[in-house]
Amino acid sequence: MKNNKTALVVGANGVIGSNLIAYLEELGDWNIIGLSRRGGHNTSKTNYICVDLLNADDCKKKLLPLTNVTHIFYAAYQDKPTWSELVEPNLTMLVNVVNIIESIADNLEHISLMQGYKVYGAHYGPFKTPAKENDGGHMPPEFNVDQQQFLEKHQAGKNWTWSALRPSVVGGTALGNPMNLVLVIAVYATMSKELGLPLRFPGKSGAYDKLMDITDSRLLAKATVWAATNIQCANQAFNITNGDLIRWNELWPKIANYFEMEVAPPLQMPLQTIMNDKASVWKSMQQKYKLEKHSYENLSSWGFGDFVFSWDYDFFSDGSKARRLGFHEYIETEQMFFDLFDELKKQKVIPG
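1. Regarding empty space enclosed by the protein
Rolled over the atoms, a probe as big as a water molecule pinpoints where empty space is left. For the structure shown, the criterion picks out one cavity of 30 Å³ or more. Roughly 50 Å³ of internal volume is contained in the largest cavity. Around the largest cavity, the lining residues are Ala-207, Lys-210, Leu-211, Met-212, Trp-248, Val-308, Trp-311, Tyr-313 and Phe-315. Here the residues of the lining of the largest cavity are counted per class, giving eight nonpolar, no polar and one charged.

2. Digging into the environment of Leu-63
If you trace the backbone, Leu-63 turns up in helix H2 (residues 56-63). Judged by its relative accessible area of 0%, Leu-63 is buried. Each C-alpha atom of the pair Leu-63 and Ile-104 lies 9.1 Å from the other, and the pair is 41 residues apart in sequence. When neighbours within four sequence positions are excluded, Leu-63 is seen to be in contact with Leu-35, Val-97, Ile-100, Ile-101 and Ile-104.

3. Here we look at unusual backbone geometry
Residue Thr-129 is joined to Pro-130 through a cis peptide bond whose omega torsion reads -5°. Position of Pro-130 relative to the elements: it lies in the loop between strand E5 (110-114) and helix H4 (143-155). Of note in this structure, Glu-260 is not a glycine but carries a positive phi near 55°. One can find Glu-260 in the loop between helix H7 (248-258) and strand E11 (263-264). On the accessibility criterion, Glu-260 (68% relative accessible area) is exposed. In the Ramachandran plot, Lys-348 falls in the positive-phi region, its phi being about 60° despite a non-glycine side chain. Summarising the element assignment, Lys-348 is placed in the segment after helix H13 (333-346). Of the residues examined, Lys-348 reaches a relative accessible area of 43% and is grouped as partly exposed.

Rules used in this analysis
Numbering of residues starts from 1 in every chain and runs along the sequence as written. Restriction of local features to residues with pLDDT of at least 70 applies here, the model being predicted, together with a cutoff of 80 or more for giving and counting side-chain atom pairs; totals for whole chains, interfaces and linings are based on all residues. In computing side-chain values, all of the structure's heavy atoms are included and hydrogens and water are not. Computed over the protein atoms alone on a 1 Å grid, cavities are sets of points where a 1.4 Å probe fits but cannot get out and pockets are open sets with protein on both sides within 12 Å along at least five of seven lines; a residue lines them when it has an atom within 4 Å of a point. Grid points are joined across faces, edges and corners, and a volume is the space filled by probe spheres set on the points. Each residue is assigned to one of three groups, with Ala, Val, Leu, Ile, Met, Phe, Trp, Tyr, Cys and Pro labelled nonpolar, Asp, Glu, Lys and Arg labelled charged, and all others, Gly among them, labelled polar. Numbered from the N terminus, helices here are DSSP runs of H or I no shorter than four residues, and strands are runs of E no shorter than two. For each residue, the accessible area found with a 1.4 Å probe, counting protein chains only, is set against the maximum for its type, and the residue is called buried under 20%, exposed over 50%, and partly exposed in between. For this analysis, residues touch if any pair of their heavy atoms sits within 4.5 Å.

Now the structure itself:
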């Protein structure tokens, strides 16, 4: 039977996009096209296209043939040093994709947008918790908001609908990603162990006991497809989380125990500083433990680790809206970390 749903996954190699593709392949009733700057290895179910989404000519050349697309899953992200600099490239990439696909795909049904808690101002400091989808906005710049406003205006009078997914920090194993907390912890822990050190929480002391939620990338993939294929979700935003809350002061000793390490009291140490000179240590570990030869830069999102571990305020949302409309998946966050550490060992990214 010919699949009548064609997914265009934008940002196919990221921790979110790669898990979404894996889930769509699992479902079996989707044609899948993955877009990214690096391209990818085609499978029997997914074709990858290498494209520069900031280059209008390259977009036209690569995207104009994609007339069968029914669903756009947008999870691309371009990092920049300041909040204001993030707006132009991240809005431009979305606009380029939507304008071209909408002009040639007559059966376009849905555009799914990946967001996050920046919509709630969570990156600035203490914010209202639990955050709800209808909470008031904050002063720009904020590219997540600009992207959603573009879709809202553009959708008026059209046959297609949109949805916006708002995960917390996303847990997954995709490499070369600027926002992978699981990898940050795994590399930091195994290197601490190699150097004969206890596992110390390196963030702000005030962050150690605050409440936080996490979003597993596989659970997020399921929620994304759910929101994109159920009419009751049309033109709405949804917080998507694992369904539980953690405090680092409870989880950190369990992570140390997983890696068979002692735990020591927190000590605020900027990871970007203390891990900057450790490439040679990691290289020797790769040889010693016969690990895959991934570059140290691809494994280390130290700036993101510093960002997350600096949150000395509660950081969580209300995920009940999705549950009320029918999405009932959940996962225990502690177990998520251990499962993902197991996966990194299996992939020979970290020592087993």
